[in-house]
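Fold and geometry: a report
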Amino acid sequence: MTLRNSSSAGSDAAGADGLPVQHLVLADETAMVRLGSVLAAALRGGEYLALRGPLGAGKTTLARALLRAAGFLGPVRSPTFTLVEPYALGSFQLLHLDLYRLGDAEELEMLGVRERFGDAVVLIEWPERGEGWLPRPDIELALDFAAEGRSLRVCAARGGAHVAAAIAAAAPTFSRENRS
Ligand SMILES: Nc1ncnc2c1ncn2[C@@H]1O[C@H](COP(=O)(O)OP(=O)(O)OP(=O)(O)O)[C@@H](O)[C@H]1O
Ligand SMILES: [Mg+2]
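Just so it is clear, the structure is predicted and the values come from calculations on it, not from any experiment.

For the protein, the helix and strand inventory stands at four helices and eight strands. In the protein, the order of α-helices and β-strands from amino to carboxyl end is β-β-α-β-α-β-β-α-β-β-β-α. Rg of the C-alpha trace for the protein: 15 Å, near the compact-globule value of 16 Å for 180 residues, within the 12% margin. By its C-alpha atoms, the protein is 45 × 35 × 30 Å across when sized along the principal axes. Looking at the 180 residues of the protein, the share that counts as buried comes to 39%. The contacts in the protein between residues at least 6 apart in sequence include a share of 64% that link residues at least 24 apart.

Right, dumping it as structure tokens:
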């Protein structure tokens, strides 16, 4: 992962709660896996992470990397059809959702996810499909296709500031050039 523009240190003026928005480049899957480790180390439990980006942008790849780094050894399936996959990790519970095929709010209710916000780490792919029914994310990670790999926009609210700070601190070590 490299900062797109070192002169601007990869950040805009202000996002949610006045926190800076970061713009990064994840040059390849290795960078995505490293980002997963950073997230795993930074999460305290109870954060809601919204994972945005088009089909194939790398949302599930990132979720899988996070789970692996958190020590989960079993299979990590995309929740495309089940909508939610729960994981019990050492230090917290994690719910991985993919709302691409969500029908309506009632379906979301039936998943029993709403009452888990603030308790489990909740990771949601396609959060826009649940817009209006979901709380504001603590941190939003927006992936997109880029000339080299994927672009990543990080936008944190106060509850995700520690995660955004960990990403910012680790960003330079993710560049291809800095890899040993
Ligand atoms: N930084 C990267 N650079 C290039 N390719 C990447 C990068 N990160 C992930 N990939 C590749 O992109 C693909 C992403 O697939 P993935 O299933 O993770 O996407 P997704 O965003 O979850 O899609 P969907 O919306 O269908 O759930 C995988 O083939 C993965 O190897
Ligand atoms: Mg996916």
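Put simply, helix α1 (residues 29–42) and helix α4 (residues 161–170) touch, their axes get as near as 9 Å, and they point 140° apart. Judged by the angle between their axes, α1 and α4 are oblique. Crossing of α1 against α4: the hand is right-handed. Each of Val38, Leu39, Ala41 and Ala42 in α1 lies in contact with α4, whose residues at this interface are His162, Val163, Ala166, Ile167 and Ala170. Considering only residue class, the contact of α1 with α4 consists of eight nonpolar, one polar and no charged.

Turning to unusual backbone geometry, a few remarks are in order. Positioned with a positive phi, Leu83 is a non-glycine residue whose angle comes to about 70°. Residue classification places Leu83 among the buried positions, given that 20 C-beta atoms sit within 10 Å. Non-glycine residue Trp126 carries a positive phi angle of around 55°. Locating Trp126 in the fold gives a position in the loop between β6 (121–125) and β7 (139–145). Owing to 21 C-beta atoms within 10 Å, Trp126 belongs among the buried residues under this scheme.

Residues in contact with ligand 1 amount to 18 residues; listed here are only the nearest, Gly58, Lys59, Thr60, Thr61 and Gly149. Mapped by element, the contributors of at least two residues to the shell around ligand 1 are α1 and α2 (59–69). Residues belonging to the shell around ligand 1 are distributed by class as follows: five nonpolar, seven polar and six charged.

Here we take up the packing of α1 against α2. Two elements in contact, α1 and α2, have axes separated by 7 Å at closest approach and are oriented at 50°. Looking at the two axes, α1 sits oblique to α2. When the axes of α1 and α2 are compared, the crossing they make is right-handed. On the side of α1, the interface is formed by Glu29, Met32, Val33, Leu35, Gly36, Ser37, Leu39 and Ala40, while α2 contributes Thr61, Leu62, Ala65, Leu66, Arg68 and Ala69. Partitioned by chemical class, the residues of the contact of α1 with α2 number nine nonpolar, three polar and two charged.

Should pLDDT be low for a region, the predicted coordinates there are not to be read in detail. Considering every residue of the protein, the mean pLDDT works out to 90; 92% of them sit at 70 or more. Here residues 1–9 scores under 50 on pLDDT; set against residues more than four positions off or in separate chains, the count is 22 contacts.

On to the environment of Arg116, then. Within the fold, Arg116 resides in the loop between α3 (105–110) and β6. On the neighbour-count criterion, Arg116 (18 C-beta atoms within 10 Å) is partly exposed. Spatially, the C-alpha atom of Arg116 lies 24 Å from that of Ala165, the residues being 49 residues apart in sequence. Excluding residues within four positions of it along the chain, Arg116 makes contact with Leu95 and Val122.

The rules behind these values
- Residues numbered from 1 in each chain as written.
- Chains lettered and ligands numbered in written order.
- Predicted model: local features only at pLDDT ≥ 70, side-chain atom pairs only at ≥ 80, totals over all residues.
- Helix = DSSP H or I, 4+ residues; strand = E, 2+ residues; numbered from the N terminus.
- Rg over C-alpha atoms; globule rule 2.2 N^0.38 Å.
- Buried ≥ 20, exposed ≤ 12 C-beta atoms within 10 Å, placed from the backbone.
- Contact = placed C-beta atoms within 7 Å.
- Axes fitted to C-alpha atoms, helices over the stretch in contact; angles between N-to-C directions.
- Parallel < 35°, antiparallel > 145°, perpendicular 65-115°, else oblique.
- Left-handed = near helix turned anticlockwise from the far one by under 90°.
- Nonpolar A, V, L, I, M, F, W, Y, C, P; charged D, E, K, R; others polar.
- Near = placed C-beta within 6 Å.
- pLDDT = per-residue confidence, 0-100.

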